[in-house]
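Each chain is listed here by its residues.
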Amino acid sequence: MQTILVTGGAGYIGSHTCVELLEKNYEVIVIDNLINSSKESLNRVKKITGKSITFYEKDILDKDALDKIFNDHKIDAVIHFAGLKAVGESTQIPLTYYHNNLTGTLILLQAMQQASVFNLVFSSSATVYGEVNQAPYTEDMPLSATNPYGLTKVMIEQFLQDTYESHNYWNISILRYFNPVGAHKSGLIGEDPNGIPNNLMPYVSQVAVGKLKQLKVFGGDYPTIDGTGVRDYIHVTDLALGHIKALEKIASQTQTSIEAYNLGTGNGSSVLEVVNAFKEASSKDIPYDIVDRRPGDLAIAYANAGKAKAQLGWEANQTLKDMCQDTWNWQTNNPNGYR
Ligand code: NAD
Ligand code: WQD
């Protein structure tokens, strides 16, 4: 069976992907410095799957640590999640974001090249479609970004393109996630934000459980169905399964390639649609107030998910109701996350 090195595997999407990898009998090695996660997520992954993970509490900026991992294990492919991801924070501490995300990725790519490991699945984001394109987004649209976090994704995509062009033994899948939400059906793993959540679903969930008083809906005057922002929410387990499909394609194709794929449902939901779906799933009231738009937000963002379906044989199956139910199940079973 193949051995996969998962950077950032203790995080939200990483831990869900580890579950799906183990369920499919991949050997899993995780490197994570736990800057935005806890080791407990990996204990839970073991609990769900009954299988073990080799875990290194190390930083991807630590080249020696990476070299040692590549020396000590025969790694077939890397899934690279490790990175800092808060848009607002990235404007406050851009140098930290650039160093962690860009330098970290460069060091990882160097270690891979040195170890002759050329199969890579990279976590990109729908944020690379920037402000100029109109939804539904297709993979061939021009990329741009309006904040340091988004720019790290645009730049890393360019690093990967250049790397592939320099040596086409690289085999690279770039996955552009839309809005990952939800939690594993078991309620054992889920999103565990530090402090007050920036993102809609964890915020709504904490209002429903009574930890936060009311939701601020950012903008009620967008040109959308009800005036609130529209996004393509995707269940984190569907997203995790997309990584398996990307690995399978890399392993099966006779010619290497670099391809980008949107991982979204292809459908948009408004903020108020999410609030209503969550109300139904939780049977809780979710008080909200419509306030000013959040700077930098788009009115509408959703995927054209046709390429992933055609080339990876992947599509999202879970509904907004599933996403809300699973978020609620995780929230009520773990009111304080992993703490
Ligand atoms: P997360 O913060 O839960 O997971 C990232 C993990 O990487 C964390 O466990 C963190 O401790 C680790 N990490 C960060 N820097 C590291 C370093 N230098 N060395 C080792 N480990 C390090 O975030 P997530 O939501 O699971 O996101 C995973 C990836 O997907 C990120 O690259 C993120 O940018 C991308 N992404 C996330 C979203 C989203 O909304 N969650 C959307 C699009 C793309
Ligand atoms: C969704 C909608 C808000 C919070 C972000 C990143 C993106 C990607 C995913 C990493 C918007 C509204 C939100 C709140 C609200 N991450 N909202 N009240 O902004 O689409 O994407 O996460 O790559 O790069 O930008 O997600 O969940 O923050 O917002 O009304 O308290 O909910 O205005 O319409 P976003 P989000």
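Below or above, wherever it landed, is the structure these notes cover. (Residues numbered from 1 in each chain as written. Chains lettered and ligands numbered in written order. Predicted model: local features only at pLDDT ≥ 70, side-chain atom pairs only at ≥ 80, totals over all residues. Heavy atoms only, no water.)

### Describing the site of ligand 2
Then comes step 1: By nearness alone, 18 residues border ligand 2, and Ser-125, Tyr-149, Lys-216, Arg-231 and Asp-297 come closest of all.
Then comes step 2: One nitrogen or oxygen atom from the side chain of Arg-231 is found 2.5 Å from an oxygen atom belonging to ligand 2.
Then comes step 3: Asp-297 places a polar side-chain atom, nitrogen or oxygen, 2.6 Å from an oxygen atom of ligand 2.
Then comes step 4: Summarising the interface, the protein chains cover 87% of the accessible area of ligand 2, which totals 680 Å² for the free molecule.
Then comes step 5: Looking at which element gives the most residues to the shell around ligand 2, the answer is strand S8 (residues 215-218), with four residues.
Then comes step 6: Considering only residue class, the shell around ligand 2 consists of eight nonpolar, six polar and four charged. (Near = heavy atom within 4 Å. Polar contact = N/O pair within 3.5 Å; in protein donor to acceptor, adjacent residues only side chain to side chain. Areas by Shrake-Rupley, 256 points an atom, 1.4 Å probe, with all protein chains shown as cover. Helix = DSSP H or I, 4+ residues; strand = E, 2+ residues; numbered from the N terminus. Nonpolar A, V, L, I, M, F, W, Y, C, P; charged D, E, K, R; others polar.)

### Details of the site of ligand 1
Then comes step 1: Around ligand 1 lies a shell of 26 residues, among which Asp-32, Asn-36, Ser-37, Asn-100 and Tyr-149 are the nearest.
Then comes step 2: Between an oxygen atom of ligand 1 and a main-chain N or O atom of Ile-35, the distance comes to 3.1 Å.
Then comes step 3: The side chain of Ser-37 places a nitrogen or oxygen atom 2.6 Å from an oxygen atom of ligand 1.
Then comes step 4: Contact with the protein chains covers 95% of the free accessible surface of ligand 1, which is 820 Å².
Then comes step 5: Secondary-structure elements contributing two or more residues to the shell around ligand 1 are helix H1 (12-23), strand S5 (119-125) and helix H6 (148-166).
Then comes step 6: At three residues, the largest contribution of residues to the shell around ligand 1 is made by S5.

### Observations regarding unusual backbone geometry
Then comes step 1: With omega at 0 degrees, the peptide bond leading from Ala-135 into Pro-136 counts as cis.
Then comes step 2: Mapping Pro-136 onto the fold places it in the loop between S5 and H6.
Then comes step 3: One non-glycine residue, Ser-116, lies in positive phi territory at about 55 degrees.
Then comes step 4: For Ser-116, a relative accessible area of 52% puts it in the exposed group.
Then comes step 5: One non-glycine residue, Ser-283, lies in the positive phi region at around 55 degrees.
Then comes step 6: Relative to the elements of secondary structure, Ser-283 occurs in the loop between helix H9 (271-282) and strand S13 (288-291).
Then comes step 7: Judged by its relative accessible area of 66%, Ser-283 falls in the exposed class. (Buried < 20%, exposed > 50% of the residue type's maximum accessible area, 1.4 Å probe, protein only.)

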